[in-house]
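Structure at a glance
Here are the chains, one letter per residue:
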Amino acid sequence: MAAAKKIVLPVDGKKNILITSALPYVNNVPHLGNVVGSVLSADVFARFCRARGYQTLYICGTDEYGTATETKALEEGVTPQELCDKYYKIHSEVYEWFNISFDHFGRTPTQQQTDISQDIFLKLHKNGYLKEETTLQPYCETHSSFLADRFVEGTCPKLLDDGKPCAYPDARGDQCDKCGNLLNPLELINPKCKLDGATPVPRDTTHIFIELDKLQPAITKWFEESSQQGLWSSNGIHITQSWLNEGLQPRGITRDLKWGTKVPLDGYENKVLYVWFDACIGYVSITANYTDQWEKWWRNPERVKLYQFMGKDNVPFHTVIFPGSQIGTGDKWTQLNMLSTTEYLNYEHGKFSKSRGIGVFGTNAKDTGIPSDVWRYYLLARRPETSDSEFEWDGFIDANNNELLKNFGNFVNRVIKFANAKYESVVPEWTKYTETAFENHKKEVNAALAQYNEELEAVKIRAALATVLRVSSLGNSLLQHNKLDNKLAAEEPDKAAAVIGLALNQIHLLASLIEPYMPETTTSILKMLNKDLLIIPDVWQADSIAPSHKIGQAALLFSVIKAEKEQEWRELFGGEAQKKAKAEQAAKAAAKKAEKDKKKLAKKEKAAKGKAGGVEAAKVGGVEAAEKGASEQLPAGETAVDQVTKGVEQVVLPSS
């Protein structure tokens, strides 16, 4: 019988770090931008905290309630529960393949979610921060139902910062994905019901609103303190400040839906809590599903620091609505300390699109045959921290072949192969020999180590990864400057042993530094070293691998990706637009050839008129003869071009 998993709880006197990544909607498959923007970034920080010896809890789960789920369920012809079960499994498998180290990956439709959400709601109600309002809401007369925000789509009415209209044609009734503004569905220009395309009409309905205007002074005070002390990402500060500058307004927190947390008030039996009111409460309820001692994490601000990771479109709900709800209850809460947000990751200078088959999604990254560690490295090295970044296939291949294989992999492989060959895999007595250059080398490594720790403590994920590669480069320089080879081993054995001993210890340190980014690579290195993971120190002493220690055999950490893979993958993940363009190009070429052959055939037939038909026809042969036969059998109203075009279209494979 497997041992029960140890529950992680805060410990007095230690750093207690609570980490969340934005709860992914359960109605779709995550693409690479979704992965790096929240769960992968949070995973790096969680792994770093554990490697520093901090008491660390990393919580996430699927956000399953709300309009988006009901909409997708209708599209797929299943119940919301069936849809959620399907996509929860997909999300779990994707994150498992990417080696995301959640302490618990849960779901929102639980009794704990209901209990905690309703408790917060009722305390807000008791404290005078909720009010009832009758409002106009879109109503679809075609299927006789009020429409939740996301069931309405239309053109965005908002103005951009430069004063020009946004005019995004596919804005949803709750938010515009182009300009980021929250919307009221009745604001949309040319609104349409998402289910049947009918134009909705406004009708009265009664809902509960949270009075954010009353809470604004307390929210502003909290924001100013937390954003400065926690060193929030600049876009998180800017987005929150913009909301506060505009002045917070009451926002509806109930909806006319069936799939969600029930509103705990008489007369609201057919309504549920708005998903963006109770989605952030999901972090708390998922923790409560992990341990019944959840309050030690969530009601312990003196001892626990909360770090939250997300894309920029999720910011207001984590920095205004959820903190406002916490404040409004009057209870003691662990609140956001450090906010780490990202911009957008684009795909080959365009957008990811599942419907059009554009871009790499979590379910097909593994189809390339490239290990998840390489994907993790590339995504994190291009993490869109301060501006949008691009996923590009040539950059992906270059990162593997040059940054990983030629730098990091070369250092590790060269040292361990040398130790295998020259010392029969037994670490030589290397501590007797020293020289100033070795001490200077250790100082350089320690300076990089201090920078790495400082960068990751501040959640500067890209910068810290670059620092890891610098430590690896220092290792390669150690080998090059001392000319580690057979000659050195033969003529200066003590020096050669000292170089190998120092390098092996540096590899042990590198295994720990790279572990937050590339955990499987670390596992491989530790197997070669025959050592356990080293806690990331403040100062590297270079003494974790002593003389006489028996190491394992060298093995390649990375393999070359051939250049031709770039075009293959670009076509595979290029989407319908690229496939259609390629098919059209092929059709045009085939049609042009068919017309040319037809004219050539007609010219030969004219020249052959009056001559012996059998002999001359035999000279035409090949394609021309085939085209002649085809032209005689064309259906009425169709040309040879039509036929060839159809033939090409038939061999174009549909996207997955």
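Note on numbering: residues in each chain are counted from 1, in written sequence order. It should be noted that, the model being predicted, local features are given only for residues of pLDDT at least 70 and side-chain atom pairs only at 80 or more, the latter also being counted only at that level, while totals for whole chains, interfaces and linings use all residues. Side-chain numbers here rest on the full set of heavy atoms in the structure, without hydrogens or water.

Where we set the bar: UniProt positions are given in the numbering used here, feature names are shortened, and annotations may be inferred rather than shown by experiment.
Under an unreviewed UniProt entry, the protein chain has the name methionine--tRNA ligase and belongs to Lophium mytilinum. In the Sequence similarities (unreviewed entry) part of its UniProt record, the protein chain is described as follows: "Belongs to the class-I aminoacyl-tRNA synthetase family." According to UniProt, the comment filed for the protein chain under the heading Subcellular location (unreviewed entry) is "Cytoplasm".

**A short note on the overall build of the protein chain**
What counts, and what does not: The helix count covers DSSP runs of H or I at least four residues long, the strand count covers runs of E at least two residues long, and both are numbered beginning at the N terminus. In this scheme, a residue with accessible area under 20% of its type's maximum is buried, one over 50% is exposed, and one in between is partly exposed, where area comes from a 1.4 Å probe on protein chains only. The criterion used for residue contact is that any of the two residues' heavy atoms lie within 4.5 Å. Per-residue accessibility takes into account occlusion by the displayed protein chains alone, with areas from the Shrake-Rupley method and a 1.4 Å probe.
The helix and strand tally for the protein chain stands at 22 helices and 16 strands. Per-residue burial for the protein chain yields a buried fraction of 52% across its 656 residues. Here the analysis covers contacts within the protein chain between residues at least 6 apart in sequence; of these, 77% occur between residues at least 24 apart. For the protein chain, the accessible surface area stands at approximately 30300 Å², while carbon and sulfur atoms represent 51% of it.

**Topic: the sheet that holds strand β10 (residues 251-252)**
We count it as follows: Pairing between two strands requires that DSSP report at least two bridges joining them.
The strand order across the open sheet built from four strands is β5-β4-β9-β10, with neighbouring strands paired in antiparallel fashion. Since the sheet does not close on itself, it has two edges, and those belong to β5 (145-146) and β10, each with one partner. Across 10 bridges, the pairing between strand β4 (residues 130-140) and strand β9 (residues 201-210) is antiparallel. Paired with T134 across the bridge in β9 is T206.

**What to know about the pattern of salt bridges**
So the rule is basically this: Within this document, salt bridges are pairs made up of a side-chain nitrogen of Lys or Arg and a carboxyl oxygen of Asp or Glu, the two lying within 4 Å of each other.
Under the criterion given, the structure shown has 37 salt bridges. Close ionic contact of R303 with D12 constitutes a salt bridge, the shortest N to O distance being 2.9 Å. Placement of R303 in the loop between α9 (295-298) and β13 (304-311) and of D12 in the segment before β1 (16-21) is noted, with a sequence separation of 291 residues between them. Under the relative-accessibility criterion, R303 is labelled partly exposed at 46%. For D12, a relative accessible area of 57% corresponds to the exposed category. With a closest N to O distance of 3.8 Å, K332 and E302 form a salt bridge. Taken together, the positions of K332 in the loop between α10 (315-329) and β14 (336-342) and E302 in the loop between α9 and β13 put the pair 30 residues apart, joining distant regions of the chain. Judged by relative accessible area, E302 falls into the exposed class, the value being 54%. Here the salt bridges do not stand alone but share partners, grouping D119, K123, E295, R299 and D331 into one network.

**Description of the packing of aromatic side chains**
Basically, it comes down to this: Within 6.5 Å between ring centres, the rings of Phe, Tyr and Trp (the latter by its six-membered ring) count as paired, and their orientation is classed by plane angle as stacked under 30 degrees, edge-to-face over 60, tilted in between. Put simply, a charge is over a ring when the Lys NZ or the Arg CZ is close to the ring centre, within 6 Å, and near the line of the ring normal, within 35 degrees.
Going through the model one piece at a time under the given rule, you end up with 33 aromatic pairs. Between F45 and F48, the ring centres sit 6.4 Å apart and the planes meet at 35 degrees, which makes this aromatic pair tilted. Taken together, the positions of F45 and F48, both in helix α1 (residues 32-51) and three residues apart, correspond to about one turn of that helix. Per residue, the accessibility class of F45 equals that of F48, and both read buried. Ring geometry for W393 and F573: centres 5.8 Å apart, planes at 25 degrees, overall stacked. With W393 in helix α12 (residues 393-423) and F573 in the loop between α18 (565-572) and α19 (575-607), the pair connects residues that are 180 residues apart, well separated along the chain. Among the residues examined, W393 registers a relative accessible area of 0% and is labelled buried. Lying over the aromatic face of Y139, R203 brings its terminal NZ or CZ to 3.9 Å of the ring centre. Cation over ring: R255 sits above Y274, and NZ or CZ is 3.9 Å from the ring centre.

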